[in-house]
Amino acid sequence: MNEYNISYEIASAFFISISIAVLLWTHRKRTERFKRFLILEVAVLFGLIFDVLGAVSLDASVSGGKTLPLLFNSLYFMVAGYVGLAYMKYTLAFIGVKTRFHNVMKIFHVLFVIAYAALLAINTQTGWIFYIDDEMRYLAGPFHFIIYIPAAYFITGGFFFIIAHRKNLGIREMLSLSGFIFIILGTLIQALIIPNVLLTFFFGALAVTIILVFVEMPDYAYLQEALSELDSAKIEAEKAKHVKSEFLSFVSRELKTPMNTVLGMDEMILRESRDEYISGYARDIATAGNNLMETLNKILDYSDIETGKLEIVNAPYKVSTVVREVYKSVVFKSEEKGLKIGCDVGSLVPDILVGDCVRIRQIMINLMTNAIKYTNSGSVNLYVGSAEIDDKNIMMEIRVSDTGIGIREEDLDKIFGTFDRAGDTHSRSGEGVGLGLSIVARLTDMMNGEIKAESKLEKGSVFTVRIPQKIAEDSDLIDSNPDEAVKESTGTGPLFKAPNARILIVDDNDINRVLEAMLLKETEVQTAQVSGGEEMLAELTRTSYDVVLLDHIMPDMDGVEAMKRAKQIERVKNASTAFIAITANTLPGAKDEYLRQGFDDFVSKPVNGRRLEEAVMKQLNASLILEKKQ
């Protein structure tokens, strides 16, 4: 064997090695197609290596017997068959079509290759396919044709697959991919015309080079450009999403300010009107207004979740208290529709848990209001159970069941989507914007929980939420929190009367100041009003007050700063004046933050008359209260 006979293959091996290095260096996005082409190139490289080694090992000057020629030539034929398989897999990845038939054929191809490898192993002992004679010559056996079958089968299979999907390919791709048929041409030339020149894998190297130059490199450039455009589009989409959420948040907060006035004035009408018709109208306004506030709060929650502003704040809470608050929140709506409502806590649920009770309560309320909305008769039930995780943690189960209209099975996967109210429009009440269940799903996910929905059309639905919660330890102290729910009072009239108490109302909105004064009217306290922080400081310098109702957001001075500066005034120190923050900030942990800043209490907007009376009464000296409702 002279040097000329193997020079084509040696040159091809060198070139293929360089192309593999270039491919790895340039192609940073490792797609399935890229991996298949890389495997094809590596297989061709090994084919070249074993072809050369097989030829060299036959040279008597380097031969140490028949073992190496048999080994290298067997490996060469094995790799030749695998190159065909690698080509077929590459064409499948290139076109991207996968069917059940291809999955079945994948198993067949694996078995086919294993059988071929077994035949080559047997051949080393039998010489059926090829053998090495005593003069170290390569000779064909009676079944020599078998070595051509695997490569021919796989390569022609890949070629016909390209033809079958020619509509999905351009001329460039068709011609380039079809070029791999050259390896069959090289095999025929070597076998029939010039057997002493190794050409099979030279043509194989030529084929993969054509694919690399005319398909992979240009397509990769297109891919990089497309990915760059996709990244830019993703960034723009994220910006648009953020702007949308910020807009929703801004509009919702701006709408809450006038709604605070509407609901507050409506409460005054309900308090003072003796006309049943007018009271009826006022109650309708209150119902519609509260529904609108509920929608605004959901939009705010949604926008806060979208922008990452909503945080989970864990603290000790009483499960029974949360369930009772949920009941009070939804019982009026259920009674309006004539529904029976049930709330139950399992006997194994610990009384005090550590978690975000605000978001737990929100999940329960959203599920309950959703169930009530779509239940026209029967009942809605809330059950809270638990399963032990370990001695310090439980899995809380919140289950809400109803006898409502139900949900079609094909719609169950959609109901937790944003603005999705799965179901026919004729069966819906028209209330809400489809955010309630979406928020429940997002909050559940944020607390590492899971949610499941089961339903039968016209029979009812069951929503189950499971959230891990920590069992409170003895060191976890918990006090009753009047902010967690407004206490219900029997009858009418104010909670107290304190005609000698002096209250200063600070708010840049004229209507809000008047509203807060009117809500305290029946308590007979003396009220004064100022429109900003600077005016407040001047007024506190002149006059002593028992309580200051201080708005947080004001144009001239922030409420927190105004409070801190006021506490430096000597008259304020002597009078032990209490400061109550009045704010639209209802985020979890807001009250703790205000108390940390130095406020004595916190009342959220829209201001509820009873809650305002409670907050003021708590801060007044007992000697100022002449009458107190029991």
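The present account deals with the structure reproduced in this document. (Residues numbered from 1 in each chain as written. Predicted model: local features only at pLDDT ≥ 70, side-chain atom pairs only at ≥ 80, totals over all residues. Heavy atoms only, no water.)

Let's talk about the overall build of the protein chain
The secondary structure content of the protein chain amounts to 18 helices and 16 strands. Counting over 630 residues, the protein chain shows a buried share of 45%. Restricting to contacts in the protein chain with at least 6 residues of sequence separation, those with at least 24 account for 72%. (Helix = DSSP H or I, 4+ residues; strand = E, 2+ residues; numbered from the N terminus. Buried < 20%, exposed > 50% of the residue type's maximum accessible area, 1.4 Å probe, protein only. Contact = heavy atoms within 4.5 Å.)

Points about the pattern of salt bridges
Inspection of every chain in the model, using the stated rule, returns 17 salt bridges. The partner of Lys521 in a salt bridge is Glu272, and the shortest N-O contact between them spans 3.6 Å. Within this pair, whereas Lys521 is found in the loop between α13 (510-519) and β12 (526-530), its partner Glu272 is found in helix α8 (residues 200-272), the two being separated by 249 residues in sequence. The partner of Arg610 in a salt bridge is Glu613, and the shortest N-O contact between them spans 3.3 Å. Of this pair, Arg610 and Glu613 both sit in helix α18 (residues 609-619), three residues apart, roughly one helical turn. The exposure class of Arg610 is buried, given its relative accessible area of 16%. (Salt bridge = Lys/Arg side-chain N within 4 Å of Asp/Glu carboxyl O.)

As for the pairing of strand β6 (residues 379-390)
Relative to β6, strand β4 (residues 340-345) is paired through six bridges, and the arrangement is parallel. Looking across to β6, one finds that Gly342 is bridged to Asn381. Judged from the ten bridges that link them, β6 and strand β7 (residues 393-402) form a sheet pairing that is antiparallel. Looking at β7, one finds that Val384 is bridged to Ile398. (Pairing = 2+ DSSP bridges.)

Digging into the packing of aromatic side chains
According to the stated counting rule, one finds twelve aromatic pairs in the structure shown. Judged by centre distance (5.1 Å) and plane angle (55°), the ring pair of Tyr76 and Phe77 falls under tilted. Between Phe112 and Phe154, the ring centres sit 5.7 Å apart and the planes meet at 90°, which makes this aromatic pair edge-to-face. With Phe112 in helix α4 (residues 100-126) and Phe154 in helix α5 (residues 149-164), the pair connects residues that are 42 residues apart, well separated along the chain. Residue Phe112 is classed as partly exposed on the basis of its relative accessible area, which comes to 22%. For Phe154, a relative accessible area of 0% translates into the label buried. Residue placement shows Arg502 over the ring face of Tyr545; its charged tip is 5.1 Å from the ring centre. (Phe/Tyr/Trp six-rings, centres within 6.5 Å; stacked < 30°, edge-to-face > 60°. Lys NZ or Arg CZ within 6 Å of the ring centre and 35° of its normal.)

Considering the sheet that holds strand β15 (residues 601-604)
The parallel open sheet is built from five strands, whose spatial order is β12-β11-β13-β14-β15. The open sheet is flanked by β12 and β15, the only strands paired with a single partner. Between one strand and the next, the sheet's axes are offset by a mean angle of 20°, whatever the strand orientation. For strand β11 (residues 502-506) and β12, the ladder comprises five bridges, and the chain directions are parallel. Directly across from Arg502, in β12, lies its bridge partner Gln526. Packed onto the sheet, helix α14 (residues 533-542) meets β11, β12, β13 (547-551) and β14 (578-583) and runs at close to 160° relative to β11. Sheet strands in contact with helix α17 (residues 590-597) are β14 and β15, and its direction is about 140° off that of β15. (Axes fitted to C-alpha atoms, helices over the stretch in contact; angles between N-to-C directions.)

Digging into the packing of α14 against helix α15 (residues 559-566)
Across the interface, α14 lies against α15 with an axial gap of 10 Å and an inter-helix angle of 20°. Considered as vectors, α14 and α15 are oriented roughly parallel to each other. Crossing hand, α14 versus α15: right-handed. On the side of α14, the interface is formed by Gly533, Glu534, Met536, Leu537 and Leu540, while α15 contributes Ala562, Met563, Arg565 and Ala566. Residues that form the contact of α14 with α15 fall into these classes: six nonpolar, one polar and two charged. (Parallel < 35°, antiparallel > 145°, perpendicular 65-115°, else oblique. Left-handed = near helix turned anticlockwise from the far one by under 90°. Nonpolar A, V, L, I, M, F, W, Y, C, P; charged D, E, K, R; others polar.)

A closer look at the pairing of β14
Most of β14 is tucked away: six of the six residues are buried. Both faces of β14 are covered, namely the face carrying Ala578, Ile580 and Ile582 and the face carrying Phe579, Ala581 and Thr583. Where β14 lies against β15, four bridges are found, and the strand directions are parallel. Each residue of the ladder has a partner; that of Thr583, found in β15, is Ser604.

Section: α15
When we look at burial in α15, the residues that qualify are Gly559, Val560, Ala562, Met563 and Ala566. One side of α15 carries all its buried residues, which in axial view fall inside an arc of 165°. As for α15, its buried residues are in contact with α14, β13, α16 (570-575), β14 and α17. Two to three positions downstream of the cap, the backbone nitrogen of Val560 sits 2.8 Å from a side-chain oxygen, assigning the N-cap of α15 to Asp558. (Arc of directions from axis to C-beta. Polar contact = N/O pair within 3.5 Å; in protein donor to acceptor, adjacent residues only side chain to side chain.)

Here we look at a nonpolar patch on the surface
A surface patch of nonpolar side chains, amounting to about 830 Å² of accessible area, comprises Phe108, Leu119, Ile122, Trp128, Phe143, Phe145, Tyr148, Ile149 and Tyr153. Of all the secondary structure elements, the ones that give two or more residues to the nonpolar patch are α4 and α5. For the nonpolar patch, the element with the most residues is α4, which contributes three residues. Relative to the helices and strands, Phe108 is located in helix α4. (Patch = residues over 30% accessible without salt bridge, like charges linked within 9 Å, V, L, I, M, F, W, Y side chains within 5 Å. Areas by Shrake-Rupley, 256 points an atom, 1.4 Å probe, with all protein chains shown as cover.)

Points about the nonpolar core
Across soluble globular proteins, nonpolar side chains have a tendency to be buried as a group. Ranked by internal contacts, the top residues of the largest apolar core, which has 46 residues, are Ile16, Leu40, Phe77 and Tyr116. Elements supplying a minimum of two residues to this core: α1 (3-26), α2 (32-57), α3 (67-95), α4, β1 (130-132), α5 and α8. If one sorts the elements of this core by residue count, α3 sits on top with 14 residues. Not counting chain neighbours up to four residues away, the residues in contact with Tyr116 comprise Phe77, Met78, Ile146, Ile147 and Pro150. Residues Cys357, Ala371, Ile394 and Val400 belong to the second largest nonpolar core, which totals 41 residues. (Core = buried A, V, L, I, M, F, W, Y, C linked by side-chain atoms within 4.5 Å.)

Quick notes on helix α10 (residues 319-336)
Given a rise of 1.5 Å per residue, 18 residues ought to cover 26 Å, and the 27 Å separating the end C-alpha atoms of α10 matches this to within 8%. The largest bend in α10 is about 40°, located at Val330. Restricting attention to buried positions, one finds in α10 the residues Val319, Thr321, Val322, Val323, Glu325, Val326, Val330, Val331 and Ser334. Its buried side turned inward, α10 meets β3 (315-318), β4, β5 (352-355), α11 (357-373), β6 and β7. Directly beyond the C-terminal end of α10, a positive phi value near 70° is found at Gly338. (Expected span 1.5 Å × (residues − 1). Bend = angle between axes of the 7 residues up to and from the residue.)

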